[in-house]
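Descriptive structure summary
This is what each chain is made of:
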Amino acid sequence: MCGIIGCIGVKNAPEVIYEGLKRLEYRGYDSAGCAFLSHGKITVVKREGRVEKLLPLLKGLKADMGIGHTRWATHGLPSDENAHPHSAGGISIVHNGIIENYLPLKEDLILKGVKFLSDTDSEVVAHLIAQNYDGDLLKALFKTVKLLKGSYALMAICEDEERIVVAKNKSPVILGLGDGQYFCASDEPALAGLADKISVLEDGDFAELTAHGVKIFDESLQPVSREVSPNLAVCQSLGLDGCPHYMLKELREVPMSIEATHKAFNSIEAKLSKALKDVTRIIITGCGTAYHASLIGKRYFECFARIPVECETAGELRYKNPVMDANTAVFAVSQSGETADTVEVARLALSMGARVIAVTNSRLSQLTRLATVVVPVASGPEICVCATKSYTGQITALYLSAIVLAGESLDGDRAKELLKIPPVCRSTLESLDMRSLAHVCASSTGVYFMGRDIDYAVALEGSLKLKEITYIPGEGYPSAELKHGTLALIDVNVASIFIITDPALAGKSENAVEQVLSRGGKVAVITTVKEVKERLSNKLQVILLPECDKYLSPLVTAVAIQTLAYKTAVVLKRDPDKPRNLAKSVTVE
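The following refers to the structure shown. Keep in mind that this is a model prediction, so the values were computed, not measured.

Attention now moves to unusual backbone geometry. In this structure, P85 follows H84 across a cis peptide bond, with omega equal to 0°. Mapping P85 onto the fold places it in the loop between β4 (65–71) and β5 (86–88). Positive phi outside glycine occurs at H39, with the angle close to 55°. Examined against the element boundaries, H39 turns out to sit in the loop between β2 (31–38) and β3 (41–48). By relative accessible area, which is 82% here, H39 ends up exposed.

What follows is the structure, encoded as structure tokens:
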């Protein structure tokens, strides 16, 4: 989940690495560091905290090559000592991933007299490369990775050689090819504006970057070619467009996300229809927000196409010996396309003969390259760690996929209803006032989100958003289950937020509202049903959203729950863009 970047042949490596790390900071921001080679000497600078803390340390440094790292801590607390790069014997490395067998390797090195300066699993790699080094850094890296178990994207430099060497296994690495300038990084955004062309490494690959070019090698260290494609990553401005936080900026881009995803879907409709032919069963999987979008997708497929659908978190599904065959379609949902558990489910599904449909916001990810068909989520880069516009993009992609499976036209009624939603979201964002409810949440010891049917899936996401960026404990819960335990937790210090969008189920949900009120709990309702507001507004706070089709209501209620989480974080003076302990792309198990 860390971000790594390397460059060679550039005029100002410290500037390139720093800017690249800023664009990769969504992958981790516990600490950051860089290593630069100039005139046969490596200079390392690293600090606990955000990437910006490196800026004063980089002043005056000059080099044409270097590597950098922004960390999401797995082994060892965030600290200067645990920050990357790690060094040994004139060699410095950066690492994204987890070395699962680092402890026995470390114990063996300690017995040989090696002294460790950090608590990380990654430092083991630096010492192993140093021990294996005999004048050829690539061969030393090759020997080292044979000893490693786990996931890694590794970059290494050495004081005796003018090159960067790279190794990849289950963690992403993209190479950037420019005019006398060459780059490697975890993700496309870091290479935007730097390289004309890119190439994606496969698991087991090695690479060598020099000022003269890039060479790629397979797992046996034999030369190999990988597809080269144009670098389509746009050098997105890190500006906030007048917003105080990226989360708010990206919330305002939700309508665009829906529109762009709808437009992008047209290009894959025929291919998806062919891939889903004769499918008798669907499994939808994802993690976190992607799983919550998957739950909504389940309702779409079942209601539109009348086909059985299972939905489960990828981290559970992959270890359950699932039943899949040639008539099974697995929809793997992941914003980054690199979520470790989701990618492994896709591999498992393919090995069992199933068809894999990737629903992702990343065109060059592992998931994209594995998939039978890719359903694009055209949300654009999302800098804020918690998902906003990518969530609504995923819901849109699954809605359209369900229409295709049902044999309906993209010019039909359901698709036309979808086109009405972006303007509704825009007007909602402009008029929505969550300040009062945000203060209620901020002063509560816990917040429960509740709903029935499709609203329950939204309730799960509402709870997750609030927990992610405000650190207020809570839960998403089916309102029908309130009496089966959760009611015991209700008191005057707890807030309950009910989501009601289906007129047919409104009365049932209102019964649950009354039960919370009778126990002294604080209650608010978010609804698209006018009659609900009429019946309840004299008892509690009711936030009325525009009326819409119940199947598309998650796109509108998403705007409300995300705005509520954002406003509550602001009240509590939390950073909504970079919440503690979290990172955007979960590439480790």
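So, about the pattern of salt bridges. One pass over the structure, following the stated rule, counts 29 salt bridges. Of the charged contacts, one joins D453 and R299 as a salt bridge, the two residues approaching to 2.5 Å between their closest N and O atoms. Of this pair, D453 sits in the loop between β20 (446–451) and α17 (454–470) while R299 is found in helix α9 (residues 289–305), placing the two residues 154 residues apart along the sequence. For D453, a relative accessible area of 32% corresponds to the partly exposed category.

Among the nonpolar cores identified, the biggest contains 88 residues, and L272, I282, Y300, F301 and F331 are the most heavily contacted of them. Not counting residues up to four positions away in its chain, the partners in contact with Y300 are A305, I395, L398, Y399, A402, I454, Y551, L552 and P554.

Another aspect to go through is the sheet that holds strand β12 (residues 206–210). Taken together, 6 strands build an open sheet; the order of strands is β5-β6-β7-β8-β12-β13 and the sheet is antiparallel. Sheet topology places β5 and β13 (213–217) at the edges, where each strand pairs with a single neighbour. Strand after strand, the sheet turns through a mean of 20° between neighbouring axes, direction not considered. Relative to β12, strand β8 (residues 161–169) is paired through 4 bridges, and the arrangement is antiparallel. Across the sheet, residue A167 finds its bridge partner in β12, namely F206. This element, helix α5 (residues 137–145), spans β6 (91–99), β7 (150–158), β8, β12 and β13 of the sheet and lies at about 25° to β8.

This part takes up the packing of α9 against helix α13 (residues 389–405). Contact geometry for α9 and α13: axes closest at 9 Å, N-to-C directions at 20°. With respect to α13, the element α9 is oriented roughly parallel. Between α9 and α13 the crossing geometry is right-handed. Listed contacts from α13 to T289, A290, H292, A293, S294, I296, G297, Y300, F301, F304 and A305 of α9 are Y391, Q394, I395, L398, Y399, S401, A402, I403 and L405. Partitioned by chemical class, the residues of the contact of α9 with α13 number 14 nonpolar, 6 polar and no charged.

Turning to the sheet that holds strand β9 (residues 174–177), a few remarks are in order. Reading across the sheet, the 8 strands line up as β3-β2-β4-β1-β10-β9-β11-β14 and stay open at both edges, with antiparallel pairing between neighbours. Two strands close off the open sheet at either side, each with one partner strand: β3 and β14 (228–230). Across the sheet, the mean angle separating the axes of adjacent strands is 15° when strand polarity is ignored. In the sheet, strand β11 (residues 197–200) pairs with β14 via 3 bridges, with the strands oriented antiparallel. Bridge assignment links I198 to a residue of β14, and that residue is S229. In the packing of helix α1 (residues 13–24) onto the sheet, contacts are made with β1 (3–8), β2, β4 and β10 (182–185), and the angle to β1 comes to roughly 155°.

Quick look at the packing of aromatic side chains now. Counted by the stated rule, this structure contains 6 aromatic pairs. Note on Y300 and Y399: the rings are 5.1 Å apart at their centroids and 85° apart in plane angle, and the pair reads as edge-to-face. Pair noted here: Y300 is in helix α9 and Y399 is in helix α13, with a separation of 99 residues, a long-range link. With respect to class, Y300 is no different from Y399; both count as buried. Measuring from ring centre to ring centre gives 5.5 Å for F304 and Y399, while their planes differ by 85°; the resulting arrangement is edge-to-face. With F304 in helix α9 and Y399 in helix α13, the pair connects residues that are 95 residues apart, well separated along the chain. Accessibility classification places F304 together with Y399 in one group, the buried group. One aromatic cluster is present, formed by Y300, F304, Y399 and Y551 through successive ring pairs. In this structure, R414 is placed above the aromatic ring of F304, and the distance from its NZ or CZ to the ring centre is 3.8 Å. Above the plane of the ring of Y471 lies R580, whose end atom (NZ or CZ) is 3.9 Å from the centre.

The rules behind the values
Residues numbered from 1 in each chain as written. Predicted model: local features only at pLDDT ≥ 70, side-chain atom pairs only at ≥ 80, totals over all residues. Heavy atoms only, no water. Helix = DSSP H or I, 4+ residues; strand = E, 2+ residues; numbered from the N terminus. Buried < 20%, exposed > 50% of the residue type's maximum accessible area, 1.4 Å probe, protein only. Salt bridge = Lys/Arg side-chain N within 4 Å of Asp/Glu carboxyl O. Core = buried A, V, L, I, M, F, W, Y, C linked by side-chain atoms within 4.5 Å. Contact = heavy atoms within 4.5 Å. Pairing = 2+ DSSP bridges. Axes fitted to C-alpha atoms, helices over the stretch in contact; angles between N-to-C directions. Parallel < 35°, antiparallel > 145°, perpendicular 65-115°, else oblique. Left-handed = near helix turned anticlockwise from the far one by under 90°. Nonpolar A, V, L, I, M, F, W, Y, C, P; charged D, E, K, R; others polar. Phe/Tyr/Trp six-rings, centres within 6.5 Å; stacked < 30°, edge-to-face > 60°. Lys NZ or Arg CZ within 6 Å of the ring centre and 35° of its normal.

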